[in-house]
Every structure is written in structure tokens, then in C-alpha cells.
Amino acid sequence: MNKKGRSAALAASKQVIIKAGTRLLIDRESIARLVDGVAAIRKSGRKVLLVTSGAVGMGMETLKVKSRPRELAKIQALAAVGQSALMAIYSAECKRHGFEAAQLLLTAADLRQRERYLNVMNCINALWESGVLPIVNENDSVSVNELKFGDNDTLAGLLGSLTGSNLTVLLTTVDGLKNRDENGKLSDRISVVSKLSDDILGLAGGTDDSKFSIGGMESKLRAANIVTSAGGYLWIADGREPDTIERLLKGEDIGTLFLPKGRRLSGHKRWFTFFSKVSGRLTVDAGAFNAIVNSGKSLLPAGVTNVSGEFKRGDTVEIADSYGIPFARGLVNYTSAECIKLCGCHSDQIHAAMGSDCEIEMVHRDNLTLL
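Residues numbered from 1 in each chain as written. Predicted model: local features only at pLDDT ≥ 70, side-chain atom pairs only at ≥ 80, totals over all residues. Heavy atoms only, no water.

### Describing the overall build of the protein chain
Broken down by element type, the protein chain carries 14 helices and 15 strands. What you see for the protein chain is a C-alpha radius of gyration of 22 Å, in line with the 21 Å of a compact globule of 371 residues. With 371 residues in all, the protein chain has 51% of them scored as buried. Here the analysis covers contacts within the protein chain between residues at least 6 apart in sequence; of these, 72% occur between residues at least 24 apart. Element-wise, carbon and sulfur atoms account for 50% of the exposed surface of the protein chain, whose accessible area totals about 16900 Å². The protein chain carries 47 positive and 41 negative side-chain charges, and their two centres are separated by 4 Å. (Helix = DSSP H or I, 4+ residues; strand = E, 2+ residues; numbered from the N terminus. Rg over C-alpha atoms; globule rule 2.2 N^0.38 Å. Buried < 20%, exposed > 50% of the residue type's maximum accessible area, 1.4 Å probe, protein only. Contact = heavy atoms within 4.5 Å. Areas by Shrake-Rupley, 256 points an atom, 1.4 Å probe, with all protein chains shown as cover. Lys, Arg positive; Asp, Glu negative; His and termini not counted. Charge placed at Lys NZ, Arg CZ, Asp CG, Glu CD.)

So, in C-alpha cells, the structure goes:
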């Protein structure tokens, strides 16, 4: 499985998302080694997008700040100082390999709205077509909590979904996800994860180190859930080693590879599953749950028992079981007021209430994904 999984990941990857964390970008030499690896991927015929941390860290180095502050304004100031210096180094290192770099600074709002989401995607595609390396970072100098991705692991996972890239690589300071021994200590490396079970998720506790950066193994598993749910591979590897990317390209058994959950989602399903804001909730009975999960059916009004939130036709809603646990997400065909009116209605009652040309489905299967 190890060799087969890695071979499949590489064979499927025409576009690769690489994320490097703050603690890997400690000086110009480390950034140069990272760009060497990016250049190796480009030489293999693959397109690359680099998600970089390090703006706040470089600002800390420049201003001689020893630990990451808690105040938002101070973090924003450090990012503003560090971002230009960071990109100057990247630009020079990319030129050394004969290609140009471009900077994209994003907030979550840039991806939540469909038009802005498409604009970001089109910009990345235009850069790729021009042979330019897109370098993406969260716009820390202006982001506030409600507009933040949370960490660059999550941002990398989202960009893997946005671009339809089959492989996302998170370079970190550990050699992969670790098992724990009977005393709870980290032990042997897990080579391949085929399913993000509760046991796997439980291995991430206590791995955060926020002195210079945010995130830890928990954030990497969140990114793995995004990428694998969209039908892609995610690979965690130790970026401290100078030849890590080259070894990845050879399919060597390093780091931890997470396998896709299923078939790749279509572009519009990726958007409402991972990017759009949830505007409400539809709670369903056991029959509707079984029809959606086990039979691949649409959500019909007859199976809906409760409606919460205010939403318009075409908004994103989550679908919850009778215990209130969300298990699906989709684009709704009716307003919240209409959904309340249609709760429990069968087909003939729907036509009587809404007219003969209305949709039978409250959420059509083509606009629905399981979580």
C-alpha cells in the first residue's frame, strides 16, 4: 500500500500545492533550499503553487521580537514589516532558477464569495500559464478573526481544493504523523493513512508550538480532511531535510501520506462544501438520512423535520440527522420561509403549495455533498 499509494499520488499530480511553515523559513539559505525543491517539481512538468508562512516570523527577526505577540495590531504590524522582505528573497531565488514569482495575499472573504473565488482561481491559472510561481500567504496585515483561515495548513488545503490539485504537501518540522505508545509518548511514524478515523485524529493532541507560529498536527489533519474529502492526496513531510521534495518526487517512503476519501468533487461542489458560508440548517428524519447517505438520493421535503436560520434560494445549508449532527451540505432550492412551509410535504402537496413548475427536491443530489 505504501509504494502503491505514493505512486498513485505522483501519477495523479499535474498540479502540486506546497506549504512551508514559519519554522522552516529561518534564513535565506532555508528559503533557497525550498525554492530548489519547487524548481525540481517544475522541472518534472508539474505546476506548483507555494503557500508560505514566515511574514510574521521575518518581521519578528527584523524588529528583534522574541515571541509572537497576542495583540492583533502588533501581529499585523509584524506581517507588514516581514512580507516585503520575504517576497524579495523569494523573487531573487526564483530568478536564480529562471522563473518569476508572484505574490497573492488572501483573506477568507476572498474565497467565500463565488465571484471572488473564481477571480482567485482565474488569477492562479493565468500565472501558471505564464510560467510564474504563485506564492500565497494569508493577508495577516489586514485580517481580523472573522476573515482569517486560521492557519496556512488550512489555507493550503483550501487552495488544493480550489485549484483541483491532486497533491498537497505540508512541509513541517516533524517526519510525519506519529503513533503513541502505552504511555502516550509519540512513537513510530505512520506511513499511510487511508481514513481519518477518531483514533487518527486523537494522535494530534499536544503538538502545537505557538512561540513563532500557529498550527500543529491538529491543523494539518484539518487540512488533510479538506484535501482528501475533495478527492486529493495530502502528504506531510519533514522540510528540514534539504532533499525532501526530491525524495517525494521519487515516491520514497517518507512522511505520512493521506489517501483520498473517494472520487474528486466537481468544482462547484468543492466551492459550497469548503468555501461558502452556511446560512441555515435542515434537520431530517431517519428515512431521509438513509436515502441520502446510503442510496445517493436528493433531499425531499417529506423527510425534513425542522428548518433553522434565514436563507435564500441557492444559499448553502447544512443537513443534520435527527440527533442534530451535520452530515451533508448543499445548495437549497427554496427560501427558509418556503422550507418551513414545505416540511413533511410529499410531491403532490409541493405542487399544490408552490405551483406545477417548482422543484420536487429541497436540495438536489447534484448540489449536495456528504461531510
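After that view, the rundown keeps rolling.
### Considerations on the environment of Ala 55
Along the chain, Ala 55 turns up in helix H3 (residues 55-63). Taking the C-alpha atoms as reference points, Ala 55 and Gln 83, separated by 28 residues in sequence, lie 4.6 Å from one another. Non-local contacts of Ala 55, meaning those with residues more than four positions away in its chain, are made with Leu 78, Ala 79, Gly 82, Gln 83, Leu 86 and Asn 137.

### Points about empty space enclosed by the protein
One way to see where empty space is left: roll a probe the size of a water molecule over the atoms. Inspection of the entire model under this criterion finds two cavities of 30 Å³ or more. In this model, the second largest cavity occupies a volume close to 70 Å³. Elements represented by at least two residues in the lining of the second largest cavity include exactly strand E1 (15-20), strand E5 (167-172) and helix H10 (244-249). Sorting elements by how many residues they give to the lining of the second largest cavity places H10 first, with three residues. (1 Å grid on protein atoms, 1.4 Å probe; cavity = no way out; pocket = protein on both sides within 12 Å on 5 of 7 lines; lining within 4 Å. Points joined across faces, edges and corners; volume = space filled by probe spheres on them.)

### Comments concerning the side chain of Ser 276
Note that Ser 276 resides in the loop between helix H11 (267-274) and strand E11 (278-284). Reaching out from Ser 276, the side chain makes a polar contact with the backbone oxygen of Phe 272 at a distance of 3.1 Å. In this structure the side chain of Ser 276 is engaged in a polar contact, spanning 2.7 Å, whose partner is the side chain of Thr 316. (Polar contact = N/O pair within 3.5 Å; in protein donor to acceptor, adjacent residues only side chain to side chain.)

### Observations concerning the confidence of the model for the protein chain
Overall, the prediction assigns the protein chain a mean pLDDT of 89, with 94% of residues at 70 or greater. Below a pLDDT of 50 lies the segment residues 207-215, which in the model reaches 24 contacts outside its immediate sequence neighbourhood of four places, other chains included. (pLDDT = per-residue confidence, 0-100.)

### Structural notes on the pattern of salt bridges
Evaluation of the coordinates by the stated rule reveals 17 salt bridges. Residue Glu 93 pairs with Arg 28 through a salt bridge whose shortest N-O separation is 3.2 Å. Taken together, the positions of Glu 93 in helix H4 (residues 72-96) and Arg 28 in helix H2 (residues 28-43) put the pair 65 residues apart, joining distant regions of the chain. Classification of Glu 93 as buried rests on a relative accessible area of 6%. The class for Arg 28 is partly exposed, based on a relative accessible area of 39%. For Arg 281, the salt bridge identified is with Glu 318, shortest N-O distance 2.8 Å. Of the two residues, Arg 281 is situated in strand E11 and Glu 318 in strand E13 (residues 316-320); the sequence distance between them amounts to 37 residues. Using a relative accessible area of 16% as the deciding quantity, one classes Glu 318 as buried. What emerges from the salt-bridge pattern is a single network uniting Arg 28, Asp 36, Glu 93 and Arg 96. (Salt bridge = Lys/Arg side-chain N within 4 Å of Asp/Glu carboxyl O.)

### Observations regarding the layout of surface pockets
Taken as a whole, the largest pocket encloses approximately 440 Å³ of empty space. Along its surface, the largest pocket is lined by 18 residues, and Leu 158, Thr 273, Phe 274, Phe 275 and Arg 329 are the ones closest to its centre. Going through the elements one at a time, helix H5 (109-112), helix H7 (152-163), helix H9 (217-229) and H11 are the ones with two or more residues in the lining of the largest pocket. Here the residues of the lining of the largest pocket sort into nine nonpolar, five polar and four charged. (Nonpolar A, V, L, I, M, F, W, Y, C, P; charged D, E, K, R; others polar.)

### Thoughts on the nonpolar core
If you look at soluble globular proteins, the nonpolar side chains tend to sit buried side by side. Of all hydrophobic cores here, the largest spans 46 residues; its most connected members are Leu 177 and Phe 258. Elements with a minimum of two residues in this core: strand E2 (47-52), strand E3 (101-106), helix H6 (114-129), H7, H9, strand E9 (233-238) and H11. Residues within four places of Phe 258 in sequence aside, it is in contact with Leu 177, Val 193, Leu 196, Leu 221, Ala 224, Thr 228, Gly 232, Tyr 233, Leu 234 and Ile 236. (Core = buried A, V, L, I, M, F, W, Y, C linked by side-chain atoms within 4.5 Å.)

### Some thoughts on the side chain of Asn 137
You can see Asn 137 is positioned in strand E4 (residues 133-138). What makes Asn 137 buried here is its relative accessible area of 2%.

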